[in-house]
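The residues making up each chain are set out below.
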Amino acid sequence: MRSPSTRDRTRKSRSFGGGTPLVYAIALAVVALTLGPVLYGVLGGFRTNAQIAQNPSGLPGPWVLDNYVNVLTGASFWQYALNSTIIAVLTTAITVVFGVMAAYPLARYQFKGREGLFMVFVVGLLFPATVAIVPLFILITQNLQLGNTWIGVALPQAAFALPVTVVILRPFLAALPKELEEAAQLDGTSRIGFFWRILLPLSGPGMVTVGVLAFVGSWNAYLLPLLLLQSDMKTLPLGVADFSSEHAADTAGVFAFTTLAMIPALVFFLAMQRRIVGGLTGAVKG
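Not measured: the values here are computed from a predicted model.

**Considerations on the overall build of the chain**
Thinking step 1. Within the chain, the secondary structure is distributed over 15 helices and zero strands.
Thinking step 2. Counting the 286 residues in the chain, one finds 37% classified as buried.
Thinking step 3. Considering only residue pairs separated by 6 or more positions, the chain has 73% of its internal contacts joining residues 24 or more positions apart.

Shown next, in the form of structure tokens:
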């Protein structure tokens, strides 16, 4: 005969082992609302405008590849993709390099005003880019003369990505054993040497996490590129808007262009999601 405590543990394990039909229904509804528009756009790219007009919610029949082929063979799509890629890579590099350099002293050094300085980055999480969009436009285009350039968009995007980068990396770096730093100093390694030779390789998961977040955020950015970029320098989100305006009657073509524009960031995020979870878990444990 099992003891009451054993019965209680069994009942609790069963209660957490699954969910009620209501929970599953809510989960399915959330998944449908999230993936439904995406699947509708993907499938819409394989249809003709006549099929969409005749049956907006139907499946492709027959399947048509012309919409995707027309987008991929157009020079504008690849120009937009090149601009998005370069800006995203620049934003990610600046964010990761300066983010880890800012998080390192906040995590490993003891100095007056350290927590106050860290709170500046925390408050930066609550500061939306839309509030500073007019001063940023004047600063980038008039003072720095970086309007309609890749670096002119990457710099402010990296600045707005720094708060979340520092907030994630600081506990991750602080969790690394201090014995490693003490042993390195006994071997004659300076603090800068410890940072480059030991700390950076060990903080790889956290850096990958903030790098992926910065890359995806830059790829999907719309407001800053809209104000700072023109003509051939536009990114894919702006290209989607321009294509939708120029080909308003070509609904299937717009679906195809939108689908192809979101695939790179989606694939990149899905490929790196395990590293993201690992990096965030390390930060929480720290």
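Next comes the rest of the write-up.
**Quick look at the layout of surface pockets**
Empty space left among the atoms is revealed by rolling a probe the size of a water molecule over them.
Thinking step 1. Here the largest pocket defines a volume of roughly 350 Å³.
Thinking step 2. Together, 18 residues line the largest pocket, and Gln157, Phe160, Gly217, Ser218 and Ala221 are the ones closest to its centre.
Thinking step 3. At the level of elements, helix 8 (150-174), helix 11 (204-219) and helix 12 (223-228) are the ones that each hand at least two residues to the lining of the largest pocket.
Thinking step 4. Sorting elements by how many residues they give to the lining of the largest pocket places helix 8 first, with six residues.
Thinking step 5. Here the residues of the lining of the largest pocket are counted per class, giving 13 nonpolar, five polar and no charged.

**Focus on the UniProt feature "transmembrane region" (unreviewed entry) in the chain**
Thinking step 1. Those residues carrying the UniProt feature "transmembrane region" (unreviewed entry) are residues 21-43, 80-104, 116-138, 150-173, 194-219 and 252-271 in this numbering.
Thinking step 2. Between the end C-alpha atoms of residues 21-43 there is a gap of 30 Å, over a span that is 100% helix and 0% strand.
Thinking step 3. Note that residues 150-173 is 100% helix and 0% strand, and that its end C-alpha atoms are spaced 31 Å apart.

**Overview of the packing of helix 5 (residues 75-108) against helix 10 (residues 191-202)**
Thinking step 1. Running from N to C, helix 5 and helix 10 point in directions that differ by 110°, and their axes come no closer than 12 Å. Here helix 10 runs roughly perpendicular to helix 5, going by the angle between their axes. Residues Val100, Met101, Tyr104 and Arg108 of helix 5 lie in contact with helix 10, whose contacting residues are Arg191, Phe194, Phe195, Leu199 and Leu200.

**Observations regarding the confidence of the model for the chain**
Thinking step 1. Residues of the chain with pLDDT of at least 70 account for 89%, and the chain-wide mean is 82.
Thinking step 2. Looking across the chain, the model is least confident in helix 1 (residues 4-17), with a mean pLDDT of 49, and most confident in helix 5, with 91.
Thinking step 3. Contacts from residues 12-16, a stretch scored under 50 in pLDDT, to residues over four places away or in other chains number zero contacts.

**Digging into helix 8**
Three or four residues apart is the spacing at which side chains of an α-helix point the same way, because the helix has 3.6 residues per turn.
Thinking step 1. Across its 25 residues, helix 8 extends 34 Å between first and last C-alpha, which sits within 8% of the 36 Å expected from 1.5 Å per residue.
Thinking step 2. By the N-cap criterion, in which a side-chain oxygen at the helix start approaches the backbone nitrogen of a residue two or three places on, helix 8 is capped by Thr149, the distance to Gly152 being 3.2 Å.

**Digging into the packing of aromatic side chains**
Thinking step 1. Scanning the model with the defined rule gives eleven aromatic pairs in all.
Thinking step 2. Measuring from centroid to centroid gives 4.6 Å for Phe46 and Tyr68, while their planes differ by 45°, and the two rings are tilted. On the criterion of sequence distance, the pair formed by Phe46 in the loop between helix 2 (21-44) and helix 3 (49-54) and Tyr68 in helix 4 (residues 66-72) is long-range, its members being 22 residues apart.
Thinking step 3. With a relative accessible area of 9%, Tyr68 lands in the buried category.
Thinking step 4. These aromatic residues form a ring-pair network of at least three members: Phe77, Trp78, Phe243 and Phe257.
Thinking step 5. Lying over the aromatic face of Phe118, Arg170 brings its terminal NZ or CZ to 4.3 Å of the ring centre.

**Some details on the pattern of salt bridges**
Thinking step 1. In the structure shown here, the tally under the stated rule is three salt bridges.
Thinking step 2. The salt bridge involving Glu115 is made with Arg114; its shortest N-O contact spans 3.2 Å.
Thinking step 3. Given a relative accessible area of 40%, Glu115 falls into the partly exposed group.
Thinking step 4. What makes Arg114 buried here is its relative accessible area of 13%.
Thinking step 5. Among the salt bridges present, the one from Asp242 reaches Lys234, with a minimum N-O distance of 2.8 Å.
Thinking step 6. The structure contains a network of salt bridges with shared partners spanning Arg114, Glu115 and Arg170.

**Points about the nonpolar core**
Thinking step 1. With 20 residues, the main nonpolar core has Val100, Tyr104, Val166, Leu169, Leu173, Phe195 and Leu199 as its most contacted residues.
Thinking step 2. In contact with Val100, other than residues within four places in its own chain, are Leu169, Leu173, Phe195 and Leu200.
Thinking step 3. Judged by nonpolar contacts, the second largest core, of 18 residues, contains Ala81, Phe243, Phe257 and Leu260.

Each value, and the rule that gives it
Residues numbered from 1 in each chain as written. Predicted model: local features only at pLDDT ≥ 70, side-chain atom pairs only at ≥ 80, totals over all residues. Heavy atoms only, no water. Helix = DSSP H or I, 4+ residues; strand = E, 2+ residues; numbered from the N terminus. Buried < 20%, exposed > 50% of the residue type's maximum accessible area, 1.4 Å probe, protein only. Contact = heavy atoms within 4.5 Å. 1 Å grid on protein atoms, 1.4 Å probe; cavity = no way out; pocket = protein on both sides within 12 Å on 5 of 7 lines; lining within 4 Å. Points joined across faces, edges and corners; volume = space filled by probe spheres on them. Nonpolar A, V, L, I, M, F, W, Y, C, P; charged D, E, K, R; others polar. UniProt positions renumbered as here; feature names shortened; annotations may be inferred. Axes fitted to C-alpha atoms, helices over the stretch in contact; angles between N-to-C directions. Parallel < 35°, antiparallel > 145°, perpendicular 65-115°, else oblique. pLDDT = per-residue confidence, 0-100. Expected span 1.5 Å × (residues − 1). Polar contact = N/O pair within 3.5 Å; in protein donor to acceptor, adjacent residues only side chain to side chain. Phe/Tyr/Trp six-rings, centres within 6.5 Å; stacked < 30°, edge-to-face > 60°. Lys NZ or Arg CZ within 6 Å of the ring centre and 35° of its normal. Salt bridge = Lys/Arg side-chain N within 4 Å of Asp/Glu carboxyl O. Core = buried A, V, L, I, M, F, W, Y, C linked by side-chain atoms within 4.5 Å.

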